[in-house]
Amino acid sequence: MNTIAEPTVQFDAELISRMSTSGPRYTSYPTADRFKPDFSYSSFLEAQANLRMRGARAPLSLYVHIPFCNVVCYYCACNKVVTKDRSKAVTYLGYLKQEIDMQGKLFAGMNRVEQLHFGGGTPTYLSDEQMGELLAHMRKHFEFAPDEEGEYSIEIDPRTVDAERIHTLRKQGFNRVSMGVQDFDPVVQKAVNRIQPAEETLAVIQAARDAGFRSISVDLIYGLPKQSMTTMQATMDKVIEANPDRIALYNYAHMPHLFKPQRRIAEDELPTPAVKLDMLALCIERLTQAGYVYIGMDHFAKPDDDLAVAQRQGRLHRNFQGYSTHAETDLVALGVSAISSVNGTYSQNEKTLDEYYARLDEGRLPIARGYAMDNDDLLRRMVIQNLMCNFELSISALELGYPIRFKQYFAKELQKLREFERDGLLSIEDDWISISPKGRLLIRNICMVFDRHLAADRAAGTAPGQVHPLRFSRTI
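Model, not experiment: these values are computed from the prediction.

Colleague: Go over the pairing of strand 14 (residues 330–334) with me, naming the residues and quoting the values.
Modeller: Across the five residues of strand 14, five count as buried, placing the element largely inside the fold. A two-sided burial pattern is seen for strand 14, the buried positions comprising Asp330, Val332 and Leu334 on one face and Leu331 and Ala333 on the other. As paired strands, strand 1 (residues 60–66) and strand 14 are joined by five bridges and run parallel to one another. Opposite Leu60, over in strand 14, you have Asp330 as the bridge partner.

Colleague: Provide a residue-level description of the packing of helix 3 (residues 87–106) against helix 11 (residues 353–361), including the pertinent values.
Modeller: The N-to-C vectors of helix 3 and helix 11 enclose an angle of 45 degrees; their axes lie 10 Å apart at closest approach. The orientation of helix 3 relative to helix 11 falls into the category oblique. As helix 3 packs across helix 11, the resulting crossing turns out to be left-handed. Packed against helix 3, whose contacting residues are Lys88, Thr91, Tyr92, Tyr95, Leu96, Gln98, Glu99 and Met102, the element helix 11 presents Leu353, Tyr356, Tyr357, Leu360 and Asp361 at the interface. Residue composition of the contact of helix 3 with helix 11, grouped by class: eight nonpolar, two polar and three charged.

Colleague: Can you tell me about the layout of surface pockets, naming the residues and giving the values?
Modeller: Computed from the structure, the second largest pocket encloses a volume of approximately 540 Å³. Those elements that provide at least two residues to the lining of the second largest pocket are strand 12 (317–319), strand 14, strand 15 (339–342), strand 16 (345–349) and helix 12 (375–390). The dominant element in the lining of the second largest pocket, judged by the number of residues it contributes, is helix 12, at four residues. Its residues assigned to classes, the lining of the second largest pocket comprises eleven nonpolar, twelve polar and five charged.

Colleague: Account for the nonpolar core, naming residues and giving values.
Modeller: If you look at the biggest cluster of nonpolar residues, it comprises 125 residues, and the most contacted ones within it are Leu96, Phe118, Leu387 and Leu417. With sequence-adjacent residues up to four places away left out, Leu96 is seen in contact with Val64, Ile66, Leu134, Leu334, Gly335 and Tyr356. Counting twelve residues, the second largest nonpolar core, distinct from the first, contains Tyr74, Tyr252, Ile265 and Leu270.

Colleague: Hey, could you go over the pattern of salt bridges for me, with residue numbers and the actual values?
Modeller: Evaluation of the coordinates by the stated rule reveals 33 salt bridges. A salt bridge links Lys226 to Glu269; its shortest N-O distance comes to 3.7 Å. Of the two residues, Lys226 is situated in the loop between strand 8 (215–222) and helix 8 (229–242) and Glu269 in the loop between strand 9 (246–251) and helix 9 (273–289); the sequence distance between them amounts to 43 residues. Accessibility expressed as a relative area gives 40% for Lys226, which makes it partly exposed. We classify Glu269 as partly exposed; its relative accessible area is 31%. Across the pair Arg246 and Asp305 runs a salt bridge whose closest N-O atoms are separated by 2.6 Å. With Arg246 in strand 9 and Asp305 in the loop between strand 11 (299–301) and helix 10 (306–312), the pair connects residues that are 59 residues apart, well separated along the chain. Linked by salt bridges that have partners in common, Asp374, Asp376, Asp377, Arg380, Glu413 and Arg452 make up one network.

Colleague: I'd love a proper account of the sheet that holds strand 18 (residues 392–394), names of residues and values included.
Modeller: Taken in spatial order, the three strands line up as 18-20-19 in an open sheet, and their pairing is antiparallel. Of all strands in the sheet, those with a lone pairing partner are strand 18 and strand 19 (426–428), marking the two edges. For this sheet, the mean angle separating the axes of adjacent strands, direction not counted, is 10 degrees. For strand 19 and strand 20 (residues 432–435), the ladder comprises three bridges, and the chain directions are antiparallel. Bridge assignment links Leu426 to a residue of strand 20, and that residue is Ile435. Across the face of the sheet, helix 12 comes into contact with strand 18 and strand 20 while running at roughly 135 degrees to strand 18. The strands that helix 15 (residues 411–422) touches are strand 19 and strand 20; relative to strand 19, the one it contacts most, it runs at about 130 degrees.

Colleague: Pulling in residues and values, what's your account of the packing of aromatic side chains?
Modeller: One pass over the full model with this rule turns up 15 aromatic pairs. A ring pair is formed by Phe320 and Tyr346, whose centres lie 5.7 Å apart and whose planes are at 80 degrees; its orientation type is edge-to-face. Of this pair, Phe320 sits in the loop between strand 12 and strand 13 (322–324) while Tyr346 sits in strand 16; the two residues are 26 residues apart in sequence, bridging distant segments of the chain. Among the residues examined, Tyr346 registers a relative accessible area of 3% and is labelled buried. Here the aromatic rings of Phe410 and Phe450 are separated by 5.3 Å at their centres, their planes lie at 80 degrees, and the arrangement is edge-to-face. Taken together, the residues span a long stretch of sequence, with Phe410 in the loop between helix 14 (406–409) and helix 15 and Phe450 in the loop between helix 16 (443–448) and helix 17 (452–459) at a distance of 40 residues. Put simply, the rings of Phe68, Tyr92, Tyr95, Tyr125, Tyr356 and Tyr357 pair up and form one aromatic cluster. Lying over the aromatic face of Phe144, Arg139 brings its terminal NZ or CZ to 5.9 Å of the ring centre. Directly above the aromatic system of Phe213 lies the positively charged group of Arg170, at a separation of 6.0 Å from the ring centroid.

Definitions and cut-offs
- Numbering of residues starts from 1 in each chain and follows the order in which that chain's sequence is written.
- Totals for whole chains, interfaces and linings use every residue, but because this is a predicted model, local features are given only for residues with pLDDT of at least 70 and side-chain atom pairs only at 80 or more, for both listing and counting.
- Derived side-chain values reflect all non-hydrogen atoms in the structure, with water molecules and hydrogen atoms excluded from consideration.
- For each residue, the accessible area found with a 1.4 Å probe, counting protein chains only, is set against the maximum for its type, and the residue is called buried under 20%, exposed over 50%, and partly exposed in between.
- Secondary structure follows DSSP: runs of H or I at least 4 residues long count as helices, runs of E at least 2 residues long count as strands, and numbering of each begins at the N terminus.
- The rule for pairing is simple: two strands pair if DSSP sees at least two bridges between them.
- Helix axes are fitted only over the stretch in contact, all axes being lines through C-alpha atoms; the angle between N-to-C directions runs from 0 to 180 degrees.
- Note on angle classes: values under 35 degrees are labelled roughly parallel, values over 145 roughly antiparallel, values of 65 to 115 roughly perpendicular, and the remainder oblique.
- The handedness criterion is simple: a crossing whose near helix is rotated anticlockwise from the far helix by less than a right angle is left-handed, and one whose near helix is rotated clockwise is right-handed.
- Whether two residues touch is decided by their heavy atoms; if any such pair falls within 4.5 Å, the residues are in contact.
- Only Asp, Glu, Lys and Arg are considered charged, only Ala, Val, Leu, Ile, Met, Phe, Trp, Tyr, Cys and Pro nonpolar, and every remaining residue, Gly among them, polar.
- Any residue with an atom within 4 Å of a point lines the site, the site being either a cavity, points on a 1 Å grid over the protein atoms alone where a 1.4 Å probe fits but cannot get out, or a pocket, an open set with protein on both sides within 12 Å along at least 5 of 7 lines.
- Grid points are joined across faces, edges and corners, and a volume is the space filled by probe spheres set on the points.
- We call a set of buried Ala, Val, Leu, Ile, Met, Phe, Trp, Tyr and Cys residues a nonpolar core when their side-chain atoms join them within 4.5 Å.
- By convention in these notes, a salt bridge is any Lys or Arg side-chain nitrogen within 4 Å of a carboxyl oxygen on Asp or Glu.
- Two aromatic rings, drawn from Phe, Tyr or Trp (for Trp, its six-membered ring), form a pair once their centres lie within 6.5 Å of each other, and the interplanar angle then sorts them: stacked below 30 degrees, edge-to-face above 60, tilted otherwise.
- Comment: the charge-over-ring label is applied if NZ (Lys) or CZ (Arg) is within 6 Å of the ring centre and within 35 degrees of the ring normal.

Right, dumping it as C-alpha cells:
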C-alpha cells in the first residue's frame, strides 16, 4: 500500500536549462578519471595491510562484475562482452574464483560481509549451477551476515529469467533485485535493440514479489530514440501499476565517441533537450504523486524502503553501484573492470579479459590503476557524500572530524555557493548548508564546487561549463 510522501524535489525548467553542464556523477571522489597507473597491486596490499594494522573490524561490501550479455543494447555504457559462446563464462569464472581466493586470504579475520551486489553485463547470463557454485566459493572465503541483516542484490535482465529462476535466486541468498526496463514502448525498444514485452517484465516483477525479495528496483531511461511524452506517459502508467520499491530514472547520455554501441542510434531520432526536460518533469510529478520519495541522483523509493529509511536516519552512502544503505564499509570489487574502495584508496581491475587473465596468471591481483587519497580528498569526499546523500551538511560535525575552520578552508567554495543561494538552490546558515527541493535536481552542480580537481582544470584554462565535456554526461 502506497503512502503519499511529501514532495522532496521541485522541478524548475528555466533553472535546469540554464545550469545544466557536463560534470561527474560522484559515485566516487576523486572521480575514476583521476585514477593513476602507478597505483598497483603493491599499493593495494599496502592499503589493506594498514587496514589490518589498525584493527579494522567493520563489515565489508562486495561487488562482483559479470561482463557477459547475449545481445547488445545500443544505449549501453557498461563494460560488457557480447557473446553467445557460453564457454567464455566458464573460463571467466575460473579466473574470478582465483581472485576471490586471493582477496579472501587478504581479508581473513575481517571478512564479514553485509552487502553484496552482482552487476554487469548481465549476471543472469550465468546458469543456476554456475551461480550456485560461485556463491558457494565466495562463502568459503567470506562470512555473510544473516539474510535479515545483509543486503544481497543482483541485476537481472527480465529476458533471461523466468519465475522458476527468480525463486532459485532467492533461495541462493539474494534478497534484492533490480531489472532494466528503460521503456515499455515496442517502437522505442526496437530503436535501442532491446525487445522486452511488458507482460514478460511484469511477470518477473510479480515472481520476485512472490519469492519474497525484500526490494524490487526498476531502471528507466528518458531521452532514448523514438521516445515521446506519449510513450513516457504510457511507460509511467505501467511502472506505477507494477509498484516496485525503487525506481532509477536515468538521463540517456549520448556519447558515441566513448561507447561504440551508441553509434547505432540515429541522432535525429533522439528527443530534443526541451522534450527531455518535459519528460523528466512528467516522471517526477507522476512518481511523487504515487508516493515515491526522491532519494537523489535519479533514484526514487517508497517511504518504507530501506533506502528511504537510511536517508532519514543519516545512514545513506553513495558508491560505484549508486546509493547504498551501508555507509562506511570498505568495498572489495571482483571481476574485470571492477573498482574497490579500501582504506582511503581506489583500485580498478584490468578492463579487458585478456589483461585480467594475464595478471591473475602472474599470481597478482589484476589491478590496473587506482588512487590513494590525501587528507584534502578525504575531507572533500565527506562533504560531497553528505550533500549527495542527505542534502545537507553540518559544518560543526565536519570540524569535529577534521582539523579545519570550514569557512576559512572553503572560502572560495562558499563564494560560489552564495550564487547558488541567490538562485534558491540552497541556504547557508552558521552551522548548516541545506539543499532546497529546487536544488536537489542540480546536486551534481553543487558538489562540483567542492571538486578540487575540476577547479585545477579550470585554472589550467578549461572553459567554464566545459569541464571534460567529452568525458562526463550532462548534469541534467
